[in-house]
Amino acid sequence: MRIFQNKPRKNFYEPQKQVKEIQNKRISTTLSENLVDLYTLFNHTPDLIVRHLDIQKSGEKAVLIYLAGLTNTDSIHDHVLRPLIYGDEDKKNPNLPVSIGHVGSSNYWTELENSILQGKSVLLVEGRNDAMIFDTQGWPQRAIEDPQLEASLKGAHQGFGETDSRNIALIRRYIPSRELKIKEATVGRRSKCKVSILYLEDVAHPEVLQELEDRIRQLDVDAILNAGELEEFIEDNPYSPFPQLISTERPDAAASHILQGRFVVMVDGSPAALVAPVTLVSFFQNVDDYGSRLLTANFIRLLRLLAFFVAILLPSLYISLISFNYELIPVKLLLNIGKYRAEVPFSPLIEAFIMEIALEMLREAGVRLPAPIGQTVGIVGAIVIGQAAVQAGIVSNMMIIVVASTAITSFIIPNHDMSSAIRLLRFPMMLLASLFGIVGIVVGLITLIGHLISLESLGTPYSSPFAPVYFSDWKDSFLRVPLWKMNHRPLSTRAIQAKKQGSNHPQGDEK
């Protein structure tokens, strides 16, 4: 059976040539000619609405063009169609028949096409060579909800949505200052995605802003659909396991970073905002740290630091102690471990890999399934598989304890991207421990530290404030001092206004 027949083929490139010709030309004064060009541009677009009307005030014929689903129909009917058809004038602006908030104009088809695709409505009038553009966007959007990945006990229960204008409004609620500036760029030849950079003009460093702008504007891609894609394009080292930008869904967290002199990047259509530049310490801080009491906040931060090392090193330490350095284990404990390991046919490395991979599979299954089912699968699966594996002699009891402890400590890290990086680092550390024992772990740690020192985030040292050493930034690192003593912004942000305004406190100031 022949699929392709020898039939005359149409020239599929001819419509594209016509579209490019129309995009480069100005609109005509003849309405019928403009409609022909319009239908050529938006061929096979059933959601394109073309409303023919007669303007009551002037008697001119016109058409209103918009895409259904991307516009607010109530706004179009009440503030555009009604004034045009029935002649209802705006008392404040009697010369302007339309009472919409913002009205623009253009006489190029490229700008009109982009406006329609952005949810705006376009009015073409017979005899005029320019079109009116109305801001009537109104696509479907969800309500403001509590962030799913960044739960907070004392912070606000508001999360970003998929509309950048609403997300910016949430940040302005925290920073009602005229110094809060926004720079916009369009990324993607097809998606035409709007990217916004938020910062404080009198605080943020202009060189860092220029570097961030250059990286965004130089992107030549087909589309950017979410903030994660943009992050991979603009980060310094995409091959590093460590994230170099913070992704947050919390407006209060984003506002806090802006006040420290950092930049927040928002992608229209994505509920996450990117924060840059950042350091390793930034991923272990949480908004609750500043709303909790001092001793409680410091205790929790120390727990996170401990969890960081336990999640990376515990499986590898178990492998090295069982395979090489068993003389470091107390005799009674060694005999107890040996009794259970006598029935296990695999080496400690294979045993650890089996359980770690099984744990990652259970974790991924719990994330992809609906919430009630996912929790059940995670808990029941871990208990059943772990107990069955021990009874079958595939793994030992001690390995179950090690893997469970590692999983718990990885959940303590407040940032999801950093937690994922820690989970990945366990596997090369386990391999080094199985080959060289404690020496392999030390070599792995030295390599890890060297990588952290060499890493940068928009030109900012990732390991700051420890390498290079900024003693003043130690006030808010893995421990924090009282809030009235943190009267300077972090030096790692290179803020041009280092001292916080209104930071003096009667209990003391920085000496």
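In the block above lies the structure referred to throughout.
Treat the numbers as computed from the prediction; the structure is a model and nothing was measured.

### A closer look at the overall build of the protein chain
Per the secondary structure count, the protein chain includes 16 helices and 12 strands. Taken against the 2.2 N^0.38 rule, which gives 24 Å for 511 residues, the C-alpha radius of gyration of the protein chain at 30 Å runs more than 25% over that of a compact globule. Each principal axis of the C-alpha atoms in the protein chain carries an extent, and together these give about 100 × 85 × 40 Å. A fraction of 64% describes how many contacts in the protein chain between residues 6 or more apart in sequence connect residues 24 or more apart. As displayed, the protein chain has an accessible area near 27,600 Å², and 59% of this comes from carbon and sulfur atoms.

### As for empty space enclosed by the protein
All told, the structure shown has 1 cavity of 30 Å³ or more when counted by the stated rule. The computed volume of the largest cavity comes to approximately 30 Å³. Along the walls of the largest cavity sit Lys 183, Glu 184, Ala 185, Ile 197, Glu 213, Ile 216 and Arg 217, which together make up its complete lining. At the level of secondary structure, the elements contributing two or more residues to the lining of the largest cavity comprise strand 6 (180-187) and helix 6 (206-217).

### Focus: the sheet that holds strand 6
Within the open sheet, the 5 strands sit side by side as 6-7-9-10-8. Their pairing is antiparallel. Strands with a single pairing partner mark the edges of an open sheet, and in this sheet they are strand 6 and strand 8 (246-248). Across the sheet, the mean angle from the axis of one strand to that of its neighbour is 25°, orientation sign disregarded. The pairing of strand 7 (residues 193-200) with strand 9 (residues 263-267) spans 4 bridges and is antiparallel. Of the residues in strand 9, the one forming a bridge with Ile 197 is Val 265. Relative to the sheet, helix 8 (residues 251-259) contacts strand 6, strand 7, strand 8, strand 9 and strand 10 (273-276), its axis offset from that of strand 7 by approximately 55°.

### A closer look at unusual backbone geometry
Backbone geometry follows two general trends: most residues other than glycine have a negative phi, and most peptide bonds adopt the trans configuration. With an omega of 15°, the peptide bond between Ser 464 and Pro 465 qualifies as cis. As for its position among the elements, Pro 465 is in the segment after strand 12 (460-461). Along the chain, Ala 467 connects to Pro 468 via a cis peptide bond; the corresponding omega equals 0°. With respect to the helices and strands, Pro 468 occurs in the segment after strand 12. Residues other than glycine seldom take positive phi values, yet His 44 does so here, at roughly 55°. With respect to the secondary-structure elements, His 44 resides in the loop between helix 2 (31-41) and strand 1 (48-54). One non-glycine residue, Lys 192, lies in the positive phi region at around 50°. Looking at the element boundaries, Lys 192 is found in the loop between strand 6 and strand 7.

### Brief notes about the side chain of Ser 492
Residue placement: Ser 492 occurs in the segment after strand 12. Overall, Ser 492 belongs to the buried group, its relative accessible area being 8%. Those residues in contact with Ser 492 that sit more than four places away from it in its chain are Arg 262, Thr 279, Thr 460, Ser 464, Tyr 470 and Asp 473.

### Points about helix 10 (residues 294-323)
Every α-helix winds through 3.6 residues per turn, so residues three or four apart in the chain are directed the same way. The terminal C-alpha atoms of helix 10, which comprises 30 residues, lie 43 Å apart, in line with the 44 Å expected from a rise of 1.5 Å per residue. In the structure, helix 10 departs most strongly from a straight axis at Leu 313, where the bend amounts to approximately 45° and where the proline Pro 315 lies between one and four residues downstream.

### Points about the packing of aromatic side chains
Geometry of an aromatic ring pair is reported as the spacing of the ring centres plus the angle between the planes. Scanning the model with the defined rule gives 10 aromatic pairs in all. Ring geometry for Phe 284 and Phe 478: centres 5.8 Å apart, planes at 65°, overall edge-to-face. Separated by 194 residues along the polypeptide, Phe 284 in the loop between strand 10 and helix 9 (288-291) and Phe 478 in the segment after strand 12 bring together distant segments of the chain. Phe 284 sits in the buried class, given a relative accessible area of 3%. Consider the rings of Phe 308 and Phe 309, whose centres lie 5.3 Å apart with planes at 80°: the pair is edge-to-face. Residue classification places Phe 308 among the buried residues on the basis of a relative accessible area of 7%. Note on Phe 309: relative accessible area 39%, which makes it partly exposed. Members of the aromatic cluster, connected to one another through ring pairs, are Phe 284, Phe 308, Phe 309, Phe 466, Phe 471, Trp 474 and Phe 478.

### Description of the packing of helix 12 (residues 348-368) against helix 14 (residues 397-412)
As a packed pair, helix 12 and helix 14 sit with axes 10 Å apart at the nearest point and diverge in direction by 45°. With respect to helix 14, the element helix 12 is oriented oblique. Where helix 12 crosses over helix 14, the handedness of that crossing is right-handed. For the pair helix 12 and helix 14, the contacting residues are Pro 348, Glu 351, Ala 352, Met 355, Glu 356, Leu 359 and Arg 363 in the first and Met 399, Ile 400, Val 403, Thr 406, Ala 407, Ser 410 and Phe 411 in the second.

Reading the values: rules and limits
Throughout this document, residue positions are counted from 1 along each chain, in the order its sequence is written. Where local features are concerned, this predicted model is filtered to residues with pLDDT of at least 70; where side-chain atom pairs are given and counted, the filter is 80 or more; whole-chain, interface and lining totals use all residues. Only hydrogens and water are set aside; all other atoms, that is, all heavy atoms of the structure, feed into the side-chain values. Only DSSP runs of H or I reaching four residues or more are called helices, and only runs of E reaching two or more are called strands; each is numbered from the N terminus. To get the radius of gyration, use the C-alpha atoms; to get the globule rule, take the number of residues to the power 0.38 and multiply by 2.2 Å. In what follows, residue pairs with any heavy atoms lying within 4.5 Å of each other are defined as contacts. What sets the accessible areas is the Shrake-Rupley method with a 1.4 Å probe; for residues, cover comes only from the shown protein chains. Cavities and pockets were defined on a 1 Å grid built from protein atoms only: a cavity is a group of points that admits a 1.4 Å probe but offers it no way out, a pocket is an open group of points flanked by protein on both sides within 12 Å along at least five of seven lines, and a lining residue is one with an atom within 4 Å of any such point. Grid points are joined across faces, edges and corners, and a volume is the space filled by probe spheres set on the points. Only strands joined by at least two bridges in the DSSP assignment are considered to pair. Every axis in this analysis is a line fitted to C-alpha atoms, fitted for helices over the stretch in contact. Angles between the N-to-C directions lie between 0 and 180 degrees. Type-normalised accessible area, obtained with a 1.4 Å probe on protein chains alone, sets the label of each residue: buried when under 20%, exposed when over 50%, and partly exposed for intermediate values. Here the expected length of a helix is defined as 1.5 Å per residue gap, with one fewer gap than residues. Working definition for bend: take the seven residues up to and ending at a residue and the seven starting at it, fit an axis to each, and measure the angle between the axes. By convention, a stacked pair of Phe, Tyr or Trp rings (six-membered ring in the case of Trp) has centres within 6.5 Å and planes under 30 degrees apart, an edge-to-face pair has planes over 60 apart, and any other such pair is tilted. Roughly parallel here means an angle under 35 degrees, roughly antiparallel means over 145, roughly perpendicular means 65 to 115, and every remaining angle is called oblique. Note on convention: the crossing is left-handed when the near helix lies turned anticlockwise from the far helix by less than a right angle, right-handed when the turn is clockwise.

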